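As a plain string of letters, each chain reads:
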Amino acid sequence: MSNIEAIRDKYLQQIGSAVDGDALEAIRLAALGKKGEISLLLKTLGQMTPEERQEQGPKINGTRQNVADALAARKEAMETAALDAKLATEKLDLTLPAPATPKGSIHPVSQVMDELAEIFADLGFSVATGPEIEDDWHNFTALNIPETHPARAMHDTFYFPQTDEGGMPKLLRTHTSPVQIRTMMDVAKQTDGAGEPIYLIAPGRTYRSDSDATHTPMFHQVEGLVIDKGIHMGHLKWTLETFIRAFFERDDIELRLRPSYFPFTEPSAEVDVGFSVEKGRRIIGGDPHGGVDGVGGGWMEILGSGMVHPNVIRNCGLDPDVWQGFAFGCGIDRLAMLKYGMDDLRAFFDGDLRWADHYGFDALDVPTLSGGVGA
Ligand code: DAH
């Protein structure tokens, strides 16, 4: 075997047993690099006689080509093997369940507020808001609740520390009724006391010092207010019936109005909703006079209402001989509990994500009442 063949076989053998790209590169440098063994051999061609060159030239060049080809082939084989190994380990199993993507949900209270806004929008009501930090005038006095009135004691109110000498301390509103006052006063101001019709609901946060399974210090109410000419209790009853039937999505819900007392309405009525009992559970709607199969059935209180007291209309700068109206106030949390079957109010505000996940609503798939109330 000639010298050149031995060199070729040596490199081919090394290439065959190279384990990685670095080893291949080292071989390439040793053989074909500037000072590589084969490169140096090529340089010797210049000093040969023409006969020698004719004989050696093709051999050395052939060897250079053999080694270069072997390097390229080995490199490609290594790359293919690496890709195969990668594909084998990174195999994507499309039958595996996708990992859960954490996502938020709509809180039942927000959901119910949206439903209320939709129902009342269909009846021509707009949504009004007011501050949660209120003053004595809007929360009590203008609502015909005088300083000595027992109704003030009825509300176990969160007062702020007294700020100015002799003034009344601010408070966290105990109900949404002050929004009635703010809206009527705005209307009186904007119309120079002439007044104009008002149809509003005011959902929002309210506060009382109370805490048990059905009371939390912060809770939600929705206020309703209608001011117009010739408004009477028939309008109140129809509006409440339409609202309750749309909200609970049943046409067979009966309402019962019981005489009651609120300082800001006269006459006042507490409103009960009829329930029946199906499979041992109370269901809003059905026959409240004995229930399905003659078992159960009855009434549960759902809201307070009445005809707006003339003093309240007058306190806001409007003429009660021209403008009449009705109002109502209702607990939103209780509406949510009744409609969606939750029994502990405190869980509403604990911030437990498991609860929110279970009772919350998908932001992209919320049940909607936008089909209208058929009014
Ligand atoms: N503000 C009352 C409360 O918090 C609820 C209420 C009753 C509001 C009768 C009204 C109403 O507007 O007419 O207990």
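J.: Before we go on, may I ask you to explain the overall build of the protein in this structure?
T.: Scanning the protein from terminus to terminus reveals 12 helices and 10 strands. The C-alpha atoms of the protein give a radius of gyration of 42 Å, which is well past the 21 Å a tight globule of 375 residues would have. For the C-alpha atoms alone, the extent of the protein along its principal axes is close to 130 × 65 × 40 Å. In the protein, buried positions account for 41% of the 375 residues. The long-range fraction of contacts in the protein, counting pairs at least 24 apart against all pairs at least 6 apart in sequence, stands at 67%. A total of about 20600 Å² of accessible surface is found on the protein, and carbon and sulfur atoms cover 54% of it. Mean positive and mean negative side-chain charge positions of the protein (35 and 56 charges, respectively) differ by 9 Å.

J.: Help me out: how do you make sense of unusual backbone geometry in this one?
T.: It is generally the case that most residues other than glycine have a negative phi and that most peptide bonds are trans. The linkage connecting Glu266 with the following residue, Pro267, adopts the cis geometry, with an omega of -5°. On the secondary structure map, Pro267 appears in strand E7 (residues 265–278). Located in the positive-phi region is Asp192, a residue other than glycine, with phi close to 55°. You can see Asp192 is positioned in the loop between helix H8 (178–190) and strand E4 (198–207). Although it is not a glycine, Lys279 sits at a positive phi angle of roughly 50°. As for its placement among the helices and strands, Lys279 is situated in the loop between E7 and strand E8 (281–284).

J.: Looking at this model, I keep getting lost on the nonpolar core. Mind explaining?
T.: Side chains of a nonpolar character, in soluble globular proteins, are inclined to be buried together. Formed by 40 residues in total, the largest nonpolar core has its most connected members in Leu116, Phe243 and Leu335. Where this core is concerned, the elements lending two or more residues are helix H5 (108–122), strand E5 (218–228), helix H9 (233–248), E7, strand E9 (298–308), strand E10 (324–331) and helix H11 (332–340). No other element matches H9, which puts 7 residues into this core. The contact partners of Phe243, leaving out residues within four places of it in the chain, are Leu116, Ile119, Phe120, Leu303 and Leu335. Counting 25 residues, the second-largest nonpolar core is a separate cluster that includes Leu171, Met184, Ala188 and Ile227.

J.: Whenever I open this one, the domain arrangement of the protein confuses me. Can you help?
T.: The extent of an interface is frequently quoted as the accessible surface area lost upon association of the parts. With domains assigned, the protein is organised as domain 1 (4–89) and domain 2 (109–372). Just the C-alpha atoms count here: the centres of domain 1 and domain 2 sit 90 Å apart.

J.: For this particular structure, what's the right way to read the packing of helix H2 (residues 21–32) against helix H4 (residues 50–89)?
T.: Pairs of packed helices are described in terms of their axes, by the angle between the two and the distance that separates them. In the contact formed by H2 and H4, the axes pass within 11 Å of each other and the chain directions differ by 170°. Here H2 is positioned roughly antiparallel relative to H4, judged by the angle of their axes. Judged by residue contacts, Gly21, Leu24, Ile27, Arg28, Ala31 and Leu32 of H2 engage Arg64, Val67, Ala68, Leu71, Arg74, Lys75 and Met78 from H4. Its residues assigned to classes, the contact of H2 with H4 shows 8 nonpolar, 1 polar and 4 charged.

J.: I'm lost on the layout of surface pockets in this one. Help?
T.: Left-over empty space is what a probe sized like a water molecule reveals as it rolls over the atoms. Its boundaries defined by the atoms lining it, the largest pocket holds a volume of some 980 Å³. What lines the largest pocket is a set of 38 residues, among which Arg208, Phe219, Gln221, Glu301 and Gly331 lie closest to the centre. At the level of secondary structure, the elements contributing two or more residues to the lining of the largest pocket comprise helix H7 (150–154), E5, E7, E9, E10 and H11. Of the residues that constitute the lining of the largest pocket, the class distribution is 16 nonpolar, 14 polar and 8 charged. Around the second largest pocket sit Phe248, Arg250, Arg281, Arg282, Ile283, Ile284, Met300, Met337, Leu338, Lys339 and Gly341, which together line it. Broken down by element, the residue count for the lining of the second largest pocket peaks at 4 residues, all from E8. Considered class by class, the residues forming the lining of the second largest pocket number 6 nonpolar, 1 polar and 4 charged.

J.: Where do I start with the site of the ligand in this structure?
T.: Within the structure, the ligand sits among 15 residues, and His175, Ser177, Arg208, Gln221 and Glu223 are positioned closest to it. Separating a nitrogen atom of the ligand from a side-chain N or O atom of Ser177 is a distance of 3.0 Å. Contact between the ligand and Gln180: an oxygen atom at 3.1 Å from a side-chain N or O atom of the residue. Structurally, the ligand is housed in the largest pocket. Taken together, the residues that form the shell around the ligand break down as 4 nonpolar, 9 polar and 2 charged.

J.: Quick question: what am I supposed to make of the pairing of E10 here?
T.: Put simply, side chains in a regular strand alternate between the two faces of the sheet. Pairing analysis gives 8 bridges linking E5 to E10, with the strands arranged antiparallel. Paired with Val222 across the two strands is Cys330, which belongs to E10. Bridge count between E9 and E10: 5 bridges; the pairing is antiparallel. In the sheet register, Ser305 faces E10, and the bridge partner there is Phe328.

J.: Please explain H8 as it appears in this structure.
T.: Along an α-helix, a turn takes 3.6 residues, which lines up residues three or four apart on a common side. If you check H8, its first and last C-alpha atoms are 18 Å apart, about what 13 residues at 1.5 Å a residue would give, namely 18 Å. Turning to H8, its buried residues number three or more, namely Pro178, Val179, Gln180, Ile181, Thr183, Met184, Val187 and Ala188. The first or second residue beyond H8 is Asp192, which carries a positive phi of 55°.

J.: How should the environment of Leu338 be read in this particular structure?
T.: Its location among the elements puts Leu338 in helix H11. Here the alpha-carbon distance between Leu338 and Ile284, two residues 54 residues apart in the chain, equals 7.9 Å. Non-local contacts of Leu338, meaning those with residues more than four positions away in its chain, are made with Phe248, Ile284, Met300 and Ile302.

Cut-offs used in this document
- Residues numbered from 1 in each chain as written.
- Predicted model: local features only at pLDDT ≥ 70, side-chain atom pairs only at ≥ 80, totals over all residues.
- Heavy atoms only, no water.
- Helix = DSSP H or I, 4+ residues; strand = E, 2+ residues; numbered from the N terminus.
- Rg over C-alpha atoms; globule rule 2.2 N^0.38 Å.
- Buried < 20%, exposed > 50% of the residue type's maximum accessible area, 1.4 Å probe, protein only.
- Contact = heavy atoms within 4.5 Å.
- Areas by Shrake-Rupley, 256 points an atom, 1.4 Å probe, with all protein chains shown as cover.
- Lys, Arg positive; Asp, Glu negative; His and termini not counted.
- Charge placed at Lys NZ, Arg CZ, Asp CG, Glu CD.
- Core = buried A, V, L, I, M, F, W, Y, C linked by side-chain atoms within 4.5 Å.
- Domains from an automatic or database assignment.
- Axes fitted to C-alpha atoms, helices over the stretch in contact; angles between N-to-C directions.
- Parallel < 35°, antiparallel > 145°, perpendicular 65-115°, else oblique.
- Nonpolar A, V, L, I, M, F, W, Y, C, P; charged D, E, K, R; others polar.
- 1 Å grid on protein atoms, 1.4 Å probe; cavity = no way out; pocket = protein on both sides within 12 Å on 5 of 7 lines; lining within 4 Å.
- Points joined across faces, edges and corners; volume = space filled by probe spheres on them.
- Near = heavy atom within 4 Å.
- Polar contact = N/O pair within 3.5 Å; in protein donor to acceptor, adjacent residues only side chain to side chain.
- Sits in = over half its atoms within 2 Å of the grid points.
- Pairing = 2+ DSSP bridges.
- Expected span 1.5 Å × (residues − 1).

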